[in-house]
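Given next are the chains, with one letter for each unit.
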Amino acid sequence: RSTLFPYTTLFRSLELIYPRSFRDLNGDGVGDLNGITLKMDYLSDLGVDAIWISPFFTSPMTDLGYDVADYQNVDPVFGGLDDFRMLLDEAHARDIKVMIDLVPCHTSDQHPWFVESRSGRDNPKRDWYVWRDGNDGHEPNNWVSLAGGKSWTFDADSGQYYLHSFLPTQPDLNWDNPEVRLAIKDVVRFWFDMGVDGMRVDAIWGISKDPELRDDTVNYDFHGDSNSYGAYIHDHCKHGPHFQEYLHELASVCDEYDDKQMVFEFYPDERLGDIWRQYHDVIHVHPKATAFFMEHRQNDWHGEHTGWNIMNYLEATGENTPFFCLGNHDQPRVTSRLGLPRSRALQFLNLLCPGVSVMYYGDEIGMEDVDLTQHDAQDGFHHSLQDDRNRARTPMQWNSSRYAGFANVLPWLPVHPNRKQVNVAKETKDPGSLLWLCRKLLELRHELPILRHGTMEKLDTGNGFVLGFRRQLDGQQLQIYINFADSAQTVWLPETGRVIIGTNPDIHVDGDVLQLPGYGGVLIDIK
Ligand code: NOJ
């Protein structure tokens with residue numbers, strides 16, 4: 001990509017906070033909003049200029065907050081609305097923007113809208129959700145849920161099935177009903193009026209469905225359980241005819257304000273065509289909306305693939321803001337996926353990419369997934385402990401104490417046994433730590449506009465193990481090199497330059513020769 005990134009982003013970096021696991025202040029073993037406020041100086045010293053807090057709204061917690069029972073209130077486990085206002089003030093006082101999670105496509109089955117809707121076929125809210133008669137005593141169609149099992153649950157009282165793309169406790173809202181669209185836009189306004197700066201928008205792919213609710217195509221390449229998600233090609237249950245239109249309508253609420261941002265949670269589906277075209281179509285629904293880059297989650301540790309994924313995503317974002325991330329609360333942690341040396345290299349690259357760099361809380365210190373036992377709290381989506389998403393949601397490791405400084409009582413999930421080596425207190429004192437490196441890189445993102453706005457071009461490094469990029473802005477040029485091999489590699493630079501920062505302290509340039517240690521990365525200022 002050779003043109004500049006003209007957008008003005010509200011921020012350059014973002015930490016995703018899973019509120020149950022950041023800091024428990026009220027002594028119940030579950031993190032809370034006041035805990036986040038208490039740690040605002042940590043976030044400010046880290047150097048992020050925005051946070052995204054995953055759902056803290058009133059919820060029965062069958063999906064730990066992604067089952068919302070009141071969009072405009074705080075669940076008592078996290079605090080109250082005044083606590084949130086205080087969090088917002090404290091963040092803004094430090095120039096940290098606050099994004100929250102909007103879950104527009106489903107509610108909890110305890111939400112008053114659904115309680116009304118299920119109360120009878122004639123209820124005015126019946127059509128706010130998707131209700132259908134059975135098909136010869138079976139579900140209305142073959143759709144399956146991402147949380148496992150069929151997407152339909154029978155309601156004996158009213159004799160119909162309701163649709164849920166996730167758990168049965170998360171009925172899908174019917175976006176074809178204009179009243180639903182108005183109600184959700186009012187939720188956005190409620191939080192924007194309070195001063196929230198942006199929304200991460202959950203699970204948008206199902207916002208529009210096939211109006212005829214036709215069966216999804218059977219995936220004959222799949223040989224497992226026919227109720228698994230992989231058993232179908234999802235050509236009818238999502239990406240319906242009003243997909244972009246509804247997203248545009250939702251994002252247009254940003255136009256009523258000067259400085260609001262939306263970022264969609266979107267995983268392109270390679271069975272539905274070119275994934276970059278899908279990214280492009282979602283990102284371009286509105287200038288103030290965009291979609292996260294999700295491709296690192298399945299990183300096959302291949303320099304060329306990684307490089308082209310980044311370039312293709314930048315091509316797809318065009319003039320909209322790229323949001324680069326390595327994972328989130330639904331994925332295994334990057335350090336568990338790749339191991340620390342590779343994770344360090346990829347985090348280095350992530351923090352040097354244009355637009356916004358996103359970090360999942362704890363990744364900046366190299367936190368890893370925990371092995372859960374049957375006694376630990378489990379995520380309702382997966383039936384194997386190995387795949388349980390809670391493995392990546394364990395308490396933030398602030399120090400080496402028994403509960404890692406997260407709580408004074410037994411936390412809701414176990415603390416990782418590596419807390420004595422991997423924690424904020426220890427890494428703050430160690431110039432060789434990942435935390436130290438992340439802080440330095442975040443400082444550079446503040447200092448150097450080129451990192452946010454400069455062009456990004458892939459370089460041919462002449463070494464298949466080494467990925468290289470050129471960044472340019474107003475006559476300044478930086479080059480980034482990442483060694484994907486575990487052994488030292490040499491690269492002949494197209495221009496000579498000076499090392500600004502490296503993953504390791506001893507990386508230097510000798511004339512036009514760059515020696516990179518295994519999994520080493522470097523940022524070079526070209527003279
Ligand atoms: C995506 C969220 O990130 C995930 O945690 C949640 O379970 C689903 N959407 C359903 O809301």
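A brief structural summary. Everything numeric here is computed off the predicted structure, so don't read it as measured data.

What follows concerns the state of the cysteines. Tallied over the full model, the rule gives zero disulfides. Among the cysteines around C105, which has no disulfide bond, C237 carries the closest sulfur, lying 12 Å off. On the basis of relative accessible area, C105 is assigned to the buried category, the value being 6%.

Strands sit in the order β19-β22-β21 across an open sheet of three strands; the sheet is antiparallel. On the outer flanks of this sheet lie β19 (489-492) and β21 (509-510), each paired with one strand and no other. Across two bridges, β21 lies against strand β22 (residues 513-516) in antiparallel orientation. Note on β22: the bridge partner recorded for V509 is L514.

For the rest of this paragraph, the subject is helix α12 (residues 434-447). Between its first and last C-alpha, α12 extends 20 Å over 14 residues, near the 20 Å set by a 1.5 Å rise per residue. Listing the buried residues of α12 in full gives L434, L435, L437, C438, R439, L441, L442, L444 and R445.

What follows concerns the side chain of Q170. Residue position: Q170 is located in the loop between β8 (160-163) and α5 (178-194). Once residues lying within four places of it in the same chain are set aside, the contact partners of Q170 are D63, Y66, D67, H106, T107, H164 and F381.

Remark: a regular strand shows side chains that alternate across the two faces of the sheet. Along β19, the buried face is formed by Q489 and V491; none of T490 and W492, which line the opposite face, is buried. With four bridges connecting them, β19 and β22 associate as antiparallel partners. When the bridges of β22 are listed, T490 appears paired with Q515.

Next up on the list: the site of the ligand. Around the ligand, the structure places D63, Y66, H106, F166, R200, D202, E265, H329, D330, F381, R389 and R393. Here an oxygen atom of the ligand sits 2.8 Å away from a polar atom, N or O, in the side chain of H329. A distance of 2.5 Å separates an oxygen atom of the ligand from a polar atom in the side chain of D330. Contact with the protein chains covers 98% of the free accessible surface of the ligand, which is 300 Å². Tallied by class, the residues present in the shell around the ligand amount to three nonpolar, two polar and seven charged.

Right, let's get into the nonpolar core. Core analysis: the largest hydrophobic core is formed by 147 residues, its most contacted members being I51, F56, F84, W191 and F264. With eight residues, the single largest contributor to this core is α5. The contacts of F84, once residues within four sequence positions are left out, are L33, I53, F56, V74, V98, I100, W191, M194 and V196. Membership of the second largest hydrophobic core comes to 12 residues, among which are L459, V466, L514 and I526.

What follows is about helix α7 (residues 275-283). By the burial criterion, the buried members of α7 are I275, W276, Q278, Y279, V282 and I283. Looking straight down α7, one finds that the buried residues subtend no more than 155° of arc, so they occupy a single side. Elements that come into contact with the buried residues of α7 comprise α6 (243-251), β12 (261-264), β13 (289-293) and α8 (303-317).

Next up on the list: the sheet that holds strand β9 (residues 198-201). Sheet strands pair via backbone hydrogen bonds, and the direction of the pair is either parallel or antiparallel. Read around the barrel, eight strands follow the order β1-β2-β5-β9-β12-β13-β14-β15 and close on themselves; strand pairing throughout is parallel. Put simply, the sheet's adjacent strands are angled 25° from each other on average, direction ignored. In this structure, β13 lies alongside strand β14 (residues 323-325), joined through two bridges in parallel fashion. Directly across from F292, in β14, lies its bridge partner F323. Against the sheet, helix α3 (residues 81-93) contacts β2 (50-53) and β5 (97-102), and its axis sits at roughly 140° relative to β5. Packing of α6 onto the sheet brings it into contact with β5, β9, β12 and β13, and relative to β12 it is tilted by some 150°.

Note on placement: T428 falls in helix α11 (residues 424-428). A sequence separation of 382 residues divides T428 from L46, and the C-alpha atoms of the two residues are 10.0 Å apart. With near-sequence residues (within four places) excluded, T428 lies in contact with L435, W436 and R439. Within the local environment of T428, its side chain forms a polar contact with the backbone oxygen of V424, the two atoms lying 2.6 Å apart.

Burial analysis of β5 places five of its six residues in the buried class, the great majority of the element. As judged from the four bridges shared by β5 and β9, these two strands associate in the parallel manner. Within the sheet, the bridge partner assigned to M99 lies in β9 and is G198.

With that settled, consider unusual backbone geometry. Its identity as a non-glycine residue notwithstanding, A404 has a phi of 60°, on the positive side. On the secondary structure map, A404 appears in the loop between β15 (356-360) and α11.

On inspection of all chains with the given rule, the structure shows 30 salt bridges. Note that K125 is salt-bridged to E116, the shortest N-O span being 3.9 Å. Overall, K125 belongs to the buried group, its relative accessible area being 18%. Ionic pairing is found between R498 and D525, a salt bridge with its closest N-O pair at 3.4 Å. Remark: D525 occurs in strand β23 (residues 521-526) and R498 occurs in strand β20 (residues 497-502); sequence separation between them is 27 residues. Taking relative accessible area as the criterion, R498 reaches 44% and is therefore assigned partly exposed. Each member of the salt-bridge network shares a partner with another, and the members are D63, D330, D379, R389 and R393.

Conventions used here
- Residues numbered from 1 in each chain as written.
- Predicted model: local features only at pLDDT ≥ 70, side-chain atom pairs only at ≥ 80, totals over all residues.
- Heavy atoms only, no water.
- Disulfide = S-S within 2.5 Å.
- Buried < 20%, exposed > 50% of the residue type's maximum accessible area, 1.4 Å probe, protein only.
- Pairing = 2+ DSSP bridges.
- Helix = DSSP H or I, 4+ residues; strand = E, 2+ residues; numbered from the N terminus.
- Expected span 1.5 Å × (residues − 1).
- Contact = heavy atoms within 4.5 Å.
- Near = heavy atom within 4 Å.
- Polar contact = N/O pair within 3.5 Å; in protein donor to acceptor, adjacent residues only side chain to side chain.
- Areas by Shrake-Rupley, 256 points an atom, 1.4 Å probe, with all protein chains shown as cover.
- Nonpolar A, V, L, I, M, F, W, Y, C, P; charged D, E, K, R; others polar.
- Core = buried A, V, L, I, M, F, W, Y, C linked by side-chain atoms within 4.5 Å.
- Arc of directions from axis to C-beta.
- Axes fitted to C-alpha atoms, helices over the stretch in contact; angles between N-to-C directions.
- Salt bridge = Lys/Arg side-chain N within 4 Å of Asp/Glu carboxyl O.

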